[in-house]
Amino acid sequence: MGKLLEINNVSKFYGAYKALNDISISIDRGSIYGLLGPNGAGKTTLIRIINQITMPDSGSVILDGEPLRPVHIRDIGYLPEERGLYKTMKVGEQALYLAQLKGLSKNEAKQRLKYWFDRLDIGDWWNKNIQELSKGMAQKIQFVVTVLHSPKLLIFDEPFSGFDPINANLIKDEILQLREEGATIIFSTHRMESVEEMCDHIALIHKSNKILDGKLIDIKRAHKSNTFEIGLATENKDLTSAKLSEKYTLSKASFKSIYDELQFRIQIPENITPNQLIQELTSMGRLTHFVEVIPSANDIFIQNIQNN
Amino acid sequence: MNHLSLIIVREFLTKVRNKSFIVMTFLSPLIFVGIVALVAYLSSVNNSTVRTIYVLDESDIFIGEFNNSTNLKYQLLFDTTLDNAKEKTETDEVYGLLHIPNTTNLDELSKRITFYSPDTPSLTAMNNMTDMLEKKLNALKLQEAGMDPEIIDKLQLKLDINQQTYKGQETSKMGAGLKLIFGGLAGYLLFMFIIIYGNMIMRSVIEEKTSRVIEVIISSVKPRILLLGKILGTTLAGISQFIAWVLLIFILMTVASSLFGIDTTSTMASTQQTLDTNNTEGIQDMYTIIMMEIMNLPILNLIIMFILFFIGGYLLYASMYAMIGAAVDSETDTQQFMMPIVMPLVLGIYVGFFTVIDNPHGSVSQIFSYIPFTSPIVMLMRIPFGVPLWQQLISVAILFATFILVVWVAAKIYRVGILMYGKKPSYKELIKWLKY
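Residues numbered from 1 in each chain as written. Chains lettered and ligands numbered in written order. Predicted model: local features only at pLDDT ≥ 70, side-chain atom pairs only at ≥ 80, totals over all residues. Heavy atoms only, no water.

### Let's talk about the domain arrangement of chain A
How big an interface is tends to be stated in terms of accessible area lost as the parts join.
Step number 1: Domain assignment breaks chain A into domain 1 (3-85 + 144-221) and domain 2 (225-292).
Step number 2: Between domain 1 of chain A and domain 2 of chain A, the C-alpha centre-to-centre distance is 41 Å. (Domains from an automatic or database assignment.)

### Here we look at a nonpolar patch on the surface
Residues and elements named next belong to chain B.
Step number 1: A cluster of nonpolar side chains, namely Ile239, Ile243, Leu247, Phe250, Ile251, Val255 and Leu259, defines an oily patch on the protein surface of about 690 Å² accessible area.
Step number 2: Structurally, Ile239 can be placed in helix 9 (residues 223-260).
Step number 3: A residue is classified by how much of its surface remains accessible, and Ile239, at 36% relative accessible area, is partly exposed. (Patch = residues over 30% accessible without salt bridge, like charges linked within 9 Å, V, L, I, M, F, W, Y side chains within 5 Å. Areas by Shrake-Rupley, 256 points an atom, 1.4 Å probe, with all protein chains shown as cover. Salt bridge = Lys/Arg side-chain N within 4 Å of Asp/Glu carboxyl O. Helix = DSSP H or I, 4+ residues; strand = E, 2+ residues; numbered from the N terminus. Buried < 20%, exposed > 50% of the residue type's maximum accessible area, 1.4 Å probe, protein only.)

### A short note on the interface of chain A and chain B
Step number 1: Contacts between the two partners involve 26 residues from chain A and, on the opposite side, 24 residues from chain B.
Step number 2: Carbon and sulfur atoms supply 58% of the area buried between chain A and chain B, which totals about 2500 Å² over both sides.
Step number 3: Considering only the side of chain A, the residues that lose the most area to chain B are Glu82, Tyr86 and Leu101 of chain A, jointly responsible for 26% of the buried surface there.
Step number 4: Glu215 of chain B is the partner of Arg48 of chain A in a salt bridge, and the nearest nitrogen-oxygen pair spans 3.0 Å.
Step number 5: On the surface where chain A and chain B come into contact, there are 7 residue pairs in polar contact (both at pLDDT 80 or more).
Step number 6: When contributions to the side of chain A that touches chain B are tallied by element, the ones reaching two or more residues are helix 1 (43-50) and helix 2 (91-101) of chain A.
Step number 7: Tallying contributions element by element places helix 2 of chain A first for the side of chain A that touches chain B, with 6 residues.
Step number 8: Its residues assigned to classes, the side of chain A that touches chain B comprises 12 nonpolar, 8 polar and 6 charged. (Contact = heavy atoms within 4.5 Å. Buried area = accessible area lost by both parts, 1.4 Å probe. Polar contact = N/O pair within 3.5 Å; in protein donor to acceptor, adjacent residues only side chain to side chain. Nonpolar A, V, L, I, M, F, W, Y, C, P; charged D, E, K, R; others polar.)

### Some thoughts on the packing of helix 2 of chain A against helix 3 (residues 106-119) of chain A
Each pair of packed helices can be summarised by the angle the axes make with each other and by the distance between the axes.
Residues and elements named next belong to chain A.
Step number 1: One can describe the packing of helix 2 onto helix 3 by two numbers: an axis separation of 9 Å at closest approach and a directional angle of 125 degrees. Regarding the angle of helix 2 to helix 3, the classification is oblique. Crossing hand, helix 2 versus helix 3: right-handed. Judged by residue contacts, Val91, Ala95, Leu96, Ala99 and Gln100 of helix 2 engage Lys106, Ala109, Lys110, Leu113 and Phe117 from helix 3.
Step number 2: Here the contact of helix 2 with helix 3 is built from residues that sort into 7 nonpolar, 1 polar and 2 charged. (Axes fitted to C-alpha atoms, helices over the stretch in contact; angles between N-to-C directions. Parallel < 35°, antiparallel > 145°, perpendicular 65-115°, else oblique. Left-handed = near helix turned anticlockwise from the far one by under 90°.)

### Side note on the confidence of the model for chain B
Step number 1: Across chain B, pLDDT averages 82, with 90% of residues at or above 70.
Step number 2: Reported for the predicted complex are a pTM of 0.76 and an ipTM of 0.82. (pLDDT = per-residue confidence, 0-100.)

### Some details on the sheet that holds strand 12 (residues 249-251) of chain A
Residues and elements named next belong to chain A.
Step number 1: Pairing is antiparallel in the open sheet, where 4 strands are placed in the order 12-13-11-14. A strand with exactly one partner marks an edge of an open sheet, and here the two such strands are strand 12 and strand 14 (286-292). Each neighbouring strand pair of the sheet contributes to a mean axis angle of 30 degrees, computed without reference to strand direction.
Step number 2: As judged from the 3 bridges shared by strand 12 and strand 13 (residues 262-267), these two strands associate in the antiparallel manner. Across the sheet, the residue bridging to Leu250 is Ile266, located in strand 13.
Step number 3: Taken strand by strand, helix 8 (residues 237-247) contacts strand 11 (227-233), strand 12 and strand 13, and its axis lies near 0 degrees from that of strand 13.
Step number 4: Along the sheet face, helix 9 (residues 274-282) touches strand 11, strand 13 and strand 14 and points at about 155 degrees away from the line of strand 14. (Pairing = 2+ DSSP bridges.)

### Concerning the environment of Ser296 of chain A
Residue and element names in this part refer to chain A.
Step number 1: Note that Ser296 resides in the loop between strand 14 and helix 10 (297-307).
Step number 2: Owing to a relative accessible area of 21%, Ser296 belongs among the partly exposed residues under this scheme.
Step number 3: Expressed as a C-alpha distance, the spacing of Ser296 and His223, which sit 73 residues apart in the sequence, is 9.4 Å.
Step number 4: Each residue touching Ser296, except ones within four places of it in the same chain, is listed here: Glu196 and Lys220.

### Let's talk about the packing of aromatic side chains
For any pair of aromatic rings, the description consists of the separation of the ring centres together with the inter-plane angle of the planes.
Step number 1: Scanning all chains against the criterion turns up 20 aromatic pairs over all chains.
Step number 2: Taken together, the aromatic side chains of Phe193, Tyr197, Phe242, Trp245, Phe306, Phe310 and Tyr314 of chain B make up a single cluster linked through ring pairs.
Step number 3: Arg119 of chain A extends its terminal NZ or CZ atom over the ring of Trp116 of chain A, reaching a point 5.2 Å from the ring centre.
Step number 4: Taking the ring centre of Tyr259 of chain A as reference, the NZ or CZ of Arg286 of chain A above it sits at 5.1 Å. (Phe/Tyr/Trp six-rings, centres within 6.5 Å; stacked < 30°, edge-to-face > 60°. Lys NZ or Arg CZ within 6 Å of the ring centre and 35° of its normal.)

Below is the structure:
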């Protein structure tokens, strides 16, 4: 395994404005790394630094064991959030041009393009004008151009925007396939369900600072608060809830149920195990629902941003 | 292929394949030749209309003096009164009536000759009549004083001052005009080239921004390389278009003049004649003088300096156009930034055509031929009149030093600007970008 990309203490100023403050991130080879943060947090700046579009004012970026150099442009594929194509060029011509800029020879670019165009079933677009394409079609071309030169590191900034659900799924599967083939992927998005689904690691950037990073599972573990969602059928709901409130912190729960039971969330101290809780609850009524509340990526995002 | 050549080829091909570019390449020479042909045709029509003038000479002095010219025909009226003559002139719808009253006093006569016409007569017709009458009156006046006009005529000397530089080169009045044409052409060509292709570069930068393709490109290519490739590619397209224009105009001119028999040079020649009425030398002489003058021009110096100033001046402005393109989001936002570019260009042309013509080596001309933003135009116009080499070299050096500085600034602003979307920056922000 090992690290493919290491970002060490990177800072970036735009005039007096600090866009990135001492950011350190390391990304495992073959992982899908979610780069999260609210708008204007500094994600794009960080991505641009990795792409050598802008230079950091301090700190270093190590790709595959070497400090980042212009030659590494070949090793990176970047699908920016603000993306487009030359309107007046033909699809094939444009894909060839962009591929050659990434260092492929014309023949090799042609072969690979043919493979990808066939694979995504867009082979007959070669001679179309970009202006004739819909937004989703253009996005497909951009995706192909991004991955065409088989880079070690792929950076996708909001890759699913503009795709219908079917094509979004198609692209998602392609991304997962690329990971299988050994690519490392940085994934920046606001769609938390994709993060949940795809990312192994995440980093959360807020107001130019990294406030959280690590394995998604570890982060979830760290964020769980021993809270359970309970459904309890009792004779007197008010009495039961009053009794429990004396000992624990209760809050509202909202799950769908076929019963007319008492629904609540309960947070238990460290010294009480779930088994003990179940025993206590069953003595008070019939247990209809018992689930540990595991924070979603969305919860973690909101919680961390609001606390900072 | 490396990045730069890839970009140059792409820029060149997209420009050249563009429909409006192709249309303009073929349409402009057609329009140009069409206008020249039209002017030539109209002036030849104008020249061929014959104007008839009735003459009522009551003094009987001038009979036999009226020589018909190609455009003017004189017809003498006899045994009629002024009123009748006027009436006849009006009903016959001729050009006008020249009335010479009956008096023997020449001084009085010279003040009382009148030309009647429906509206203000043309200058050439009036000059023609005045010349003729004046000559006769002067001759009569000399006779009155007891002198033989023929002897006086023989005694008249025609003076033509020879013009020579200290180095012994002969110059002529024609030479000054030629120098003006050469210098003016060079300066104006540069001016047009900057305006047309500078704008093209700017639009191509804006297009990359609005289509959002820029961020993909810039992750593969250094902004400086992209900027350079854009400028060079567009320039190549521009030079191709210019060459095509020159060739097409030449071909069309040849075709037009042989097809319609219109001598397109006749417009020039006729203006030359009216300007230079004393010029009685034959066309052949004129050509030899022109050729001699052209040979006398510092041709080699002119060509080398033209190339240097063209490259320096064009690239200086082209990088500024690219900078503006990078700073804004759409073409409508460019207005506020265009002023500082167009102003010095127009000033250069203005100084060139007004001050340099008047005094090629005056202090105003000199100053503006050192200021890098006007020097390409003004210095190019001055060079045919003879500018010391060291002055030219200083001007070129200043131009290229400024060029490097401006390109550095433009590249910085370009680098930041191409990734800024959605707002129109102020000048203050542009200066801030330099520190990024």
